[in-house]
Amino acid sequence: MGGVHPPENKITASRHIEELPVPGTVTIPISQHLGVPASPVVAKGDRVLTGQLIARGGGFISAHIHSSVTGKVVKIDDMMDSSGYRRKSVVIQTEADEWAEGIDLDAGIVRGCDLDGAAIVRKVNDMGIVGLGGATFPSHVKLMVPKGKKADYLIVNGVECEPYLTADHRLMLEKGEEILVGISIQMKALGVEQAIIGIESNKPDAIEVMGRLAASHAGVRVEALEVKYPQGAEKQLIKAAIGREVPSGKLPIEVGCVVHNVGTAFAVYEAVQKNMPLIRRVVTVAGKSMNKPGNFMVRIGTPVSALIEAAGGLPEDTGKVINGGPMMGKALNDLGVPVTKGTSGILVFTEMESHRKPVVACIRCGRCTTVCPMGLEPYLLSALSEKNRNEECEQERIMDCMECGSCMYICPSGRPLLDLMRVGKSRVGKIIRERTH
Amino acid sequence: MSVLTVSGSPHLQTDQSVSKIMYGVVFSLIPAMLVSFYFFGLAAILVTITAVVACMAFEFLIQKYLIRGPLTIFDGSALITGILLAFNVPASLPLWMVVVGSAAAIGMGKMTFGGLGKNPFNPALVGRVFLMISFPVEMTSWPLPSAFSTKLTDAVTGPTALAIWKDGVGQGNTVDQVMADLPEYAQLLIGNMGGSIGEISALALLLGGVYMLVRKIITWHIPVAYLGSVVVFAGVFWLIDPTYYIDPLFHLISGGLMLGALYMATDMVTSPMSARGQIVFGIGCGVVTMVIRLFGAYPEGVSFAILIMNAFVPIINKGMKPKRFGEEVKHG
Amino acid sequence: MNEIINEITLISVVSLGAVGSMAAVILYFVAQRFKVIEDPRIDVVAELLPGANCGGCGLAGCRALAEAIVKAESLEGMSCPPGGNDVMKAIAAALGLEAAELEPMIAVLRCAGSREHAPPKVHYEGVMTCAFAHSLFCGEAGCPFGCLGCGDCVLACDFDAMHMDSKTGLPVILDDKCVACGACVKACPRSIIEMRKKGKKSRRIYVSCINREKGGVARKNCEVACIGCGKCVKECKFDAITLENNLAYIDFSKCTMCRKCPPVCPTNAIAELNFPPRKPKAETREQPVEA
């Protein structure tokens with residue numbers, strides 16, 4: 001249902017993952033995940049090793065943070081991050097890597113896993129694994145089935161429907177085996193016997209590789225999906241893979257499944273089999289004017305400017321730099337912000353690409369309604385938000401909006417639909433919170 | 001490097017614009033324009049040009065001096081209103097009446113509601129109905145087609161095909177008897193028949209309609225629902241009494257139905273937002289059109305049908321919401 | 001012919017008259033049956049109120065305030081900011097109650113980060129509402145507490161007391177029109193606007209900054225930011241200034257407007273409004289432009 005098809009621009013699809021050298025300084029925010037921010041357990045002046053715990057998660061929905069480098073803690077202060085605000089971060093001056101004890105750096109694949117479900121969940125929690133698809137939800141929580149609910153499917157998100165991004169694609173091609181082991185571990189933790197890897201059909205090589213590897217893993221199969229944005233959105237993916245619709249306001253577990261990104265599956269493999277905490281991830285750096293766009297394995301905390309340098313430097317005609325994909329990513333106001341657990345890509349837009357088309361009156365064409373994957377009416381919701389009619393917004397299900405941007409993409413009048421709906425959502429969210437208090 | 005731009009996502013937009021859509025519609029009207037200009041001659045060309053210029057002029061004057069707001073006369077919407085208004089009147093209509101109709105269409109039908117996107121009724125039809133009620137004689141003198149002629153006056157006028165049928169059976173003749181007076185169906189299809197400037201050639205209009213569908217300017221729902229319901233309604237009555245009611249094909253290719261179903265009813269501003277709503281709208285238009293054609297006082301019902309259904313659009317929008325994802329399924 | 005006309009006229013008059021009378025009778029009884037007994041004092045009070053329904057009293061309109069006052073039989077805790085003391089006194093007189101004399105208040109913009117003092121480092125594009133810009137990033141100038149200049153406050157004002165100064169990018173509050181209803185205070189997502197005492201002759205002194213970041217960071221983005229140095233706290237002989245979270249705050253109930261603190265501020269972050277110009281001896285910045 002719905003969706004749009006922006007130009008794919010997968011210009012880095014054939015670029016092998018390149019290891020980015022450790023930068024001189026890293027800035028590690030203590031909140032890179034949904035839920036309660038972590039609390040630092042190191043202080044200014046401390047020397048930390050690569051992989052060492054530097055911040056402890058607080059509460060059930062939280063995650064631990066580990067140092068991605070070896071070095072000295074320069075300060076723990078408010079530093080600009082991709083949220084557009086300064087947030088508390090641990091700033092480390094780097095030295096040559098000295099790995100924390102217990103981490104297995106061997107390149108060989110470890111296939112067997114003797115741990116039981118509960119132990120797997122504990123390990124995933126200890127290693128600070130969060131969802132790498134962009135939502136950064138603490139993964140150990142998503143590996144536990146709540147009491148009273150049952151899961152029969154693990155769905156692995158290899159869709160990567162955003163234009164330009166190819167990090168997951170390359171990961172599947174180069175680390176497919178590890179991903180499959182990670183998937184098996186996740187299946188064990190959840191107690192499910194079936195896993196489906198969803199991959200968009202514009203990645204035939206990944207479908208072939210993963211399909212071949214999945215053959216030797218019981219219960220795992222690959223599903224080739226239609227190329228449509230936002231096919232990779234959780235609810236849409238579940239509908240396409242197993243035909244079930246997650247009810248409004250509920251989680252996937254309600255229809256008996258859990259969704260994890262392929263990158264998360266890989267991180268789970270590294271965590272459980274190699275004791276490797278989440279300290280690095282694949283980031284796509286792309287843009288029409290970039291000299292050397294590519295996919296890089298980056299240490300968490302690396303400044304975006306270092307990534308852009310490695311990709312050939314910031315082009316003269318740059319107008320906008322985006323953290324993430326072009327449909328849901330965040331425009332950066334400062335290039336010194338760090339790469340975090342949720343950074344899947346850095347896109348450099350030229351000046352020409354950076355501006356919106358002029359806004360004219362709504363011509364009631366209905367395209368926004370046709371493309372909305374959640375069956376909402378953006379023309380109505382944005383108008384209601386503008387007039388501060390919040391109760392009606394709630395009745396029209398504004399909280400179902402997943403901010404995918406399809407409506408604003410397709411609008412011929414260039415209306416700021418999503419901007420207005422976001423304002424409406426935050427107002428309605430506030431009303432709902434006050435109501436349940 | 002210039003300053004970084006910060007804006008909310010999405011950071012991509014299609015290059016579709018309101019102007020592109022409008023000019024796409026204008027382009028699709030070219031076949032119909034060529035046929036009409038051929039059959040009705042210079043008179044048709046003048047009426048069309050006058051309507052277009054008058055519509056744009058009125059929009060300019062109102063926006064600049066009354067509203068004192070931004071000018072939008074080049075976005076293509078006034079141009080389309082002008083062309084469609086011209087297509088709805090006879091080629092022999094005096095030009096000053098065309099100007100009055102344009103004032104009604106743009107001034108009353110569009111700008112009073114707030115301009116583009118805010119009017120509930122199709123402006124070209126508002127103009128046409130205004131003219132029909134104000135100048136009934138001139139608005140029902142339909143020139144007969146001839147090979148391209150520059151004669152402006154003394155065009156031979158005659159009844160439209162629908163009028164021939166309605167008057168004929170009204171006087172007690174059977175359909176077969178009336179058939180003799182009607183142009184051949186092939187001629188009706190091509191456009192060699194009396195009628196308003198734009199409505200005569202069903203074939204040319206269909207060509208334009210297909211172009212718009214391919215370019216995704218309109219969707220199939222309204223035209224198919226409208227034409228489909230006309231065929232069904234006409235078909236039922238034709239089967240009941242073929243000596244009084246004429247066959248559905250005749251209804252499809254005569255009168256302003258093709259023009260209405262493809263260009264007037266599909267006007268985005270005045271039609272429903274969701275696909276389901278559009279189908280209801282199309283069926284409503286079809287039923288009302290046929291009721292007027294078969295049982296009403298007028299031989300042609302398209303204009304009134306569309307305007308009546310325009311009035312129902314807000315209710316249709318409210319009732320026909322798209323299917324919400326993850327709708328809680330009610331049990332029992 | 002005439003007889004027929006007379007007959008028709010007679011029938012029309014009689015029948016319509018009968019229908020009309022019946023309707024009148026029914027309406028009378030229904031009105032009596034469903035009559036709402038209201039305290040007549042509510043109407044009296046409602047008459048005295050301005051009738052703007054601005055919500056500044058905290059209730060849903062003037063009628064609601066009238067009902068609340070009559071129900072509570074006291075003016076305790078109720079006030080009509082647009083009406084001011086005159087209206088409250090009149091209501092008190094009408095009801096035979098006591099009215100507390102309240103200090104007139106006014107909305108004050110506690111940010112001086114104009115385009116000149118806090119130059120934009122990036123360019124924002126999108127819907128022009130502060131609510132959205134605030135959720136997107138810290139702002140074009142880089143100060144996460146500073147005015148975003150999109151004008152949500154101006155839109156919220158029902159009394160035409162605010163407009164946006166296009167040169168500075170900051171909203172301007174008009175002294176003589178502001179009735180302190182509080183709409184702009186609620187509209188600002190960063191709570192930059194504060195309700196303060198209007199002051200004798202409309203004079204007031206306040207710290208025109210709410211930035212709570214460390215001094216160095218604040219100053220980097222805005223020349224007139226409060227850096228939390230504390231010089232003003234030391235200078236004030238009336239204990240009216242407190243320093244918390246790198247930000248100074250002048251308590252308007254304690255401030256005597258002695259004008260000793262503005263000159264000592266190294267970043268000119270203390271504003272003094274509607275005072276006569278100082279003698280050229282002390283270093284002062286220009287008075288904020290009054291509309």
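Residues numbered from 1 in each chain as written. Chains lettered and ligands numbered in written order. Predicted model: local features only at pLDDT ≥ 70, side-chain atom pairs only at ≥ 80, totals over all residues. Heavy atoms only, no water.

## Concerning the nonpolar core
All names here are of chain B.
- Tyr-226 and Tyr-263 are the most contacted members of the largest nonpolar core, which totals 100 residues.
- Taken domain by domain, this core gets at least three of its residues from each of domain 1 (18-139) and domain 2 (159-319).
- Residues in contact with Tyr-263, not counting those within four places in the same chain, are Val-25, Ser-28, Leu-29, Leu-84, Leu-205, Gly-208, Gly-209, Met-212 and Met-258. (Core = buried A, V, L, I, M, F, W, Y, C linked by side-chain atoms within 4.5 Å. Buried < 20%, exposed > 50% of the residue type's maximum accessible area, 1.4 Å probe, protein only. Domains from an automatic or database assignment. Contact = heavy atoms within 4.5 Å.)

## What to know about the sheet that holds strand β3 (residues 39-40) of chain A
- Taken in spatial order, the three strands make up an open sheet running β3-β5-β6 (chain A), and their pairing is antiparallel. Looking at strand neighbours, the two that pair on one side only are β3 and β6 (65-66) of chain A, the edges of this open sheet. (Pairing = 2+ DSSP bridges. Helix = DSSP H or I, 4+ residues; strand = E, 2+ residues; numbered from the N terminus.)

## What about the interface of chain C and chain A?
- Residue-level contacts link 18 residues of chain C with 16 residues of chain A.
- Of all residues in chain C, Glu125(C), Val127(C) and Phe132(C) bury the most surface against chain A, accounting for 38% of the area lost on that side.
- Our count for the chain C to chain A interface comes out at two salt bridges.
- A salt bridge links Asp77(A) to Lys214(C), with the nearest nitrogen and oxygen atoms 3.5 Å apart.
- Those elements that place two or more of their residues in the side of chain C that touches chain A are α5 (130-136) and α8 (215-221) of chain C.
- Sort the elements by how many residues they give to the side of chain C that touches chain A and α5(C) lands first, with four residues. (Buried area = accessible area lost by both parts, 1.4 Å probe. Salt bridge = Lys/Arg side-chain N within 4 Å of Asp/Glu carboxyl O.)

## What about the pairing of strand β11 (residues 220-225) of chain A?
Residues and elements named next belong to chain A.
- As defined by bridge partners, strand β10 (residues 194-200) adjoins β11 across six bridges and the pair is classed as parallel. Looking across to β11, one finds that Ile-197 is bridged to Val-222.
- On the question of chirality, the crossover connecting β10 to the parallel β11 by way of helix α4 (residues 204-214) is right-handed. (Right-handed = clockwise from strand over helix to strand, strands pointing away.)

## Examining the pairing of β10(A)
All names here are of chain A.
- Taking burial as the measure, the seven residues of β10 include six buried ones, the bulk of the element.
- Where strand β9 (residues 153-157) and β10 come together, five bridges link them in parallel fashion. Counterpart to Asn-157 in the pairing with β10 is Gly-198.

## Describing the environment of Phe37(B)
All names here are of chain B.
- Note that Phe-37 resides in helix α2 (residues 30-40).
- Phe-37 gets classed as buried once you look at its relative accessible area, which sits at 17%.
- Sequence separation between Phe-37 and Ala-91 is 54 residues; the distance between their C-alpha atoms is 9.4 Å.
- Leave out the neighbours within four places in its chain, and Phe-37 touches Ala-44, Ile-45, Thr-48 and Phe-148.

## Thoughts on the packing of helix α3 (residues 176-190) of chain A against α4(A)
Residue and element names in this part refer to chain A.
- Between α3 and α4, whose axes approach to 10 Å, the crossing angle comes to 50 degrees. In terms of orientation, α3 lies oblique with respect to α4. Every pair of crossing elements has a handedness; the one defined by α3 and α4 is right-handed. The segment α3 lies against α4, with Gly-176, Glu-177, Ile-179 and Leu-180 engaging Met-210, Leu-213 and Ala-214.
- By residue class, the composition of the contact of α3 with α4 is five nonpolar, one polar and one charged. (Axes fitted to C-alpha atoms, helices over the stretch in contact; angles between N-to-C directions. Parallel < 35°, antiparallel > 145°, perpendicular 65-115°, else oblique. Left-handed = near helix turned anticlockwise from the far one by under 90°. Nonpolar A, V, L, I, M, F, W, Y, C, P; charged D, E, K, R; others polar.)

## Focus on the side chain of Asp152(C)
All names here are of chain C.
- Mapped onto the secondary structure, Asp-152 falls in helix α6 (residues 152-156).
- A polar contact of 3.0 Å, which involves the side chain of Asp-152, links it to the side chain of Thr-129.
- Not counting chain neighbours up to four residues away, the residues in contact with Asp-152 comprise Met-128, Thr-129, Cys-130, Ala-131 and Ala-187. (Polar contact = N/O pair within 3.5 Å; in protein donor to acceptor, adjacent residues only side chain to side chain.)

## Focus: the domain arrangement of chain C
Residue and element names in this part refer to chain C.
- Along its sequence, chain C is organised into domain 1 (41-95) and domain 2 (105-273).
- For domain 1 and domain 2, the distance between their C-alpha centres works out to 31 Å.
- Facing the five residues of domain 1 at the interface are five residues of domain 2.
- Overall, the association of domain 1 and domain 2 removes approximately 390 Å² of surface from exposure, summing both partners, and the carbon and sulfur fraction of that is 66%.
- Counting the surface domain 1 buries against domain 2, the share from its top three residues, Cys-54, Pro-81 and Pro-82, is 72%.
- Linking domain 1 to domain 2 there are zero salt bridges.
- Tallied by class, residues from the side of domain 1 that touches domain 2 come to four nonpolar, one polar and no charged.

## Section: a nonpolar patch on the surface
Residue and element names in this part refer to chain B.
- A contiguous nonpolar patch, built from Leu-213, Trp-220, Val-224, Ile-279, Ile-283, Val-287, Val-291 and Phe-295 and spanning about 650 Å² of accessible area, is present on the exposed surface.
- Checked against the element boundaries, Phe-295 lands in helix α15 (residues 275-295).
- A relative accessible area of 46% places Phe-295 in the partly exposed class. (Patch = residues over 30% accessible without salt bridge, like charges linked within 9 Å, V, L, I, M, F, W, Y side chains within 5 Å. Areas by Shrake-Rupley, 256 points an atom, 1.4 Å probe, with all protein chains shown as cover.)

## Points about the sheet that holds strand β2 (residues 25-29) of chain A
Residues and elements named next belong to chain A.
- Spatial strand order, β2-β8-β7-β4: four strands in an open sheet with antiparallel pairing. Either end of the sheet is taken by a strand with one partner, and the two such strands are β2 and β4 (47-48).
- Bridge analysis of β2 against strand β8 (residues 86-95) gives five bridges, and the strand direction is antiparallel. By the bridge assignment for β8, Ile-28 is matched with Val-90.

## Things to note about the environment of Lys274(A)
All names here are of chain A.
- Topologically, Lys-274 is positioned in helix α6 (residues 262-274).
- Here the alpha-carbon distance between Lys-274 and Pro-23, two residues 251 residues apart in the chain, equals 24 Å.
- Among all residues touching Lys-274, those that are not within four sequence positions of it are Gly-102, Ile-103, Asp-104, Asp-106, Ala-107, Gly-108, Val-110 and Tyr-269.
- Here the side chain of Lys-274 touches Gly-108 through a polar contact of 2.5 Å, landing on its backbone oxygen.

## Considerations on the side chain of Arg293(B)
All names here are of chain B.
- Looking at the element boundaries, Arg-293 is found in helix α15.
- With a relative accessible area of 0%, Arg-293 lands in the buried category.
- Only 3.2 Å separates the side chain of Arg-293 from the backbone oxygen of Ser-254, close enough to count as a polar contact.

## A look at the confidence of the model for chain C
Residues and elements named next belong to chain C.
- Scored by pLDDT, chain C comes out at a mean of 88, with 96% of its residues at no less than 70.
- When pLDDT is averaged over each element of chain C, strand β4 (residues 170-173) comes out on top at 96 and helix α4 (residues 84-95) at the bottom at 83.
- With pTM at 0.89, the complex prediction returns an ipTM value of 0.92. (pLDDT = per-residue confidence, 0-100.)

## Regarding the domain arrangement of chain A
Residues and elements named next belong to chain A.
- Domains assigned within chain A are domain 1 (18-96), domain 2 (117-274), domain 3 (280-350) and domain 4 (367-436).
- Computed over C-alpha atoms, the centres of domain 2 and domain 3 are 25 Å apart.
- If you look at the interface, domain 2 gives 16 residues, while domain 3 gives 21 residues.
- Both sides together, the interface formed by domain 2 and domain 3 hides about 1500 Å², and carbon and sulfur atoms give 63% of it.
- Here domain 2 and domain 3 share one salt bridge between them.
- Salt-bridge contacts for Glu-270 lead to Arg-280; the nearest nitrogen and oxygen are separated by 3.6 Å.
- Where domain 2 meets domain 3, there are seven residue pairs in polar contact (both at pLDDT 80 or more).

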